[in-house]
Amino acid sequence: MKFAVAVLFLSVTVGAYAKTPPTQTPIKHVVVIFQENVSFDHYFATYPHATNPPGEPSFHALPDTPTVNGLTPALIKHNPNAVAPFRLDRDRAVTCDQDHRYTPEQYAYHGGLVDRFLAVARKHAAPGCNPRVVMGYYDGNTVTALWNYAQHFAMSDNFFGSTFGPSTPGAINLISGQTHGAAPEIEEHVVNGTMIADPDPAFDECAHYKTASFSGRNVGNLLDAKGVTWGWFQGGFRPTARQRNGTPVCDSMHKNAAGVSVHDYVAHHEPFQYYQSTANPRHLPPTSVGRIGHDGPANHQYGLEDFWNALDHGNLPAVSYLKARGYQDGHAGYSGPIDAQHFLVKTINRLEQSKYWPSMAIIIAWDDSDGWYDHVMPPIVNHSADPKHDVLLGKAMCGEPLDGAYPDRCGYGPRLPLLVISPWARQNFVDHSLTDQTSILRFIEDNWDLGRIGDQSFDAKAGTLAHLFDFSRINMRRLILNPKTGEPIAQP
């Protein structure tokens, strides 16, 4: 009977998608919402148990909710770090940024002891920042929407950044699984041909910092080769003005929950701009709504406005990557969980109510951990021995690299959250199988039969996301949430 449901669904929808390449699953539209800088414990340490203090949104777990590999009372009370993990109230949703560089992140894990998070924070905390906050975590009274999505759909508690390091390596791993092949060499940014930090993309005329580029392939190239429509949609990408020579000016801003104005566009969060083959240097718009997702002067790189225009006009690309405006991307220091929740909920509510929902998978993922404490030592599946930058097991030690392996790709990195929201997702389900950022890449590759990136891309070793789905049955119930509170809105 379950199989019959799936067959019926596919037979009904096949005509609607006859012009697009076939897929290996009922998923015809993947939307990856890529947020910023959160470790798993920072958002899900005590899931599904929330404190529920007066005056904050409440969360009560459904019966038979599975547990996660979170913080036990014993680990909170007897923590190897100098400060025990502690709950952050909702009124502390804006915090200082933590240290999430390639080398300090390794040092915090200290060969599996996971005991130097506070030491790193004390050494590198910005003036006026309390280093103890690195041990803080939120619960279902602050990240309420994410906990509710986990209740009704699927999540993972064993998902990792592909390598150690900050935003740009995470974004590059998302689309190519390969942080090697970067140029030029930039001290502390690109070392031994590998990107370990956040230089701006060379093919972006809105860039303001040191720039670098990649010479290899990314998933955009694979999608183009198969004729699959796709796009990266980022807040603030649309220029606010142009100089006389046509150079774009990307200076739109919004105020975050603390009332601080934040630039919408962050160039080093846009991974496709590092590759000449997929870049839109001048931030040119699509020639029409009908061309969104196809070749053209925009070259698949768009503003968020273009995503909603495509959705409203029945032209949603098969693969879409969404990046919030800076103040809503969740990055500590200029954003946070409340601002991020507004973006996530408004986006997902609208997608669930669209005609594409029956064939959609929304994947919520994060680029790096920001250095926030997480108690799980990452499995090291890729080794490196850079005497200056690798310190995980001692000086110049992140395992013994294989002959010919690219350096400075020590990974997996810190554990991160991952949620899958789809009528085909398992319900109230926690996946414990090993996955990483390139598992998202591999899911897209496999669904459209794209092949692999090659050249030591981590997609070749990535675990599958298939466990988070049940393709034998479809659940059309929608979960509509309040963007302010993250709590469910009663549906007729």
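See above for the structure.
Residues numbered from 1 in each chain as written. Predicted model: local features only at pLDDT ≥ 70, side-chain atom pairs only at ≥ 80, totals over all residues. Heavy atoms only, no water.

**Q** What is the right way to read empty space enclosed by the protein from this model?
**A** Take a probe with the size of a water molecule and roll it over the atoms, and the empty space left behind shows itself. Counted by the stated rule, this structure contains three cavities of 30 Å³ or more. Of the residues in the lining of the largest cavity, the class split is eight nonpolar, six polar and no charged. (1 Å grid on protein atoms, 1.4 Å probe; cavity = no way out; pocket = protein on both sides within 12 Å on 5 of 7 lines; lining within 4 Å. Points joined across faces, edges and corners; volume = space filled by probe spheres on them. Nonpolar A, V, L, I, M, F, W, Y, C, P; charged D, E, K, R; others polar.)

**Q** Where do I start with the state of the cysteines in this structure?
**A** What makes a disulfide is a covalent bond joining the sulfur atoms belonging to two cysteines. Under the definition given, this model contains three disulfides. C96 shares a disulfide with C129; S-S distance 2.1 Å. Judged by the sign of its S-S torsion, about -85°, the bond between C96 and C129 is left-handed. Of the two residues, C96 is situated in the loop between β2 (86–87) and α4 (102–109) and C129 in the loop between α5 (117–124) and β3 (136–137); the sequence distance between them amounts to 33 residues. Taking the relative accessible area as the measure of exposure, C96 reaches 24% and is therefore partly exposed. A residue is classified by how much of its surface remains accessible, and C129, at 18% relative accessible area, is buried. With its disulfide-bonded cysteines labelled consecutively along the sequence, the protein chain is connected as 1-2, 3-4, 5-6. (Disulfide = S-S within 2.5 Å. Helix = DSSP H or I, 4+ residues; strand = E, 2+ residues; numbered from the N terminus. Buried < 20%, exposed > 50% of the residue type's maximum accessible area, 1.4 Å probe, protein only.)

**Q** It is not clear to me how helix α10 (residues 337–352) should be interpreted in this structure. Could you clarify?
**A** Note: α-helices contain 3.6 residues per turn, so residues at a spacing of three or four share the same orientation. With 16 residues, α10 should reach 22 Å at 1.5 Å per residue; the first-to-last C-alpha distance of 21 Å fits that figure. Summarising burial for α10: 13 of the 16 residues are buried, a large majority. (Expected span 1.5 Å × (residues − 1).)

**Q** How should I be thinking about the packing of aromatic side chains in this particular structure?
**A** Aromatic rings in a pair are described by how distant their centres are and how their planes are angled relative to each other. Under the defined criterion, the tally for this structure stands at 27 aromatic pairs. Relative to F272, the ring of W232 lies with its centre 5.9 Å away and its plane at 70°, an arrangement referred to as edge-to-face. Placement of W232 in strand β10 (residues 230–234) and of F272 in the loop between β14 (261–263) and β15 (301–303) is noted, with a sequence separation of 40 residues between them. Taken together, the ring pairs connect F40, F44, Y47, F59 and W147 into an aromatic cluster. In this structure, K461 packs its charged tip against the face of F458, placed 5.0 Å from the ring centre. (Phe/Tyr/Trp six-rings, centres within 6.5 Å; stacked < 30°, edge-to-face > 60°. Lys NZ or Arg CZ within 6 Å of the ring centre and 35° of its normal.)

**Q** Quick question: what am I supposed to make of the nonpolar core here?
**A** Generally speaking, nonpolar side chains in soluble globular proteins are found buried as a group. Within the largest apolar cluster, 97 residues are counted, with the highest numbers of intra-cluster contacts made by F44, L146, Y149, I362, I440 and I444. The biggest single contributor to this core is strand β17 (residues 360–366), with seven residues. When sequence neighbours within four positions are dropped, the list of residues in contact with I362 reads V31, I33, I348, L351, W357, L419, V420 and I421. The next biggest cluster of nonpolar side chains, apart from the first, holds 21 residues, and it includes Y109, V114, V134 and M135. (Core = buried A, V, L, I, M, F, W, Y, C linked by side-chain atoms within 4.5 Å. Contact = heavy atoms within 4.5 Å.)

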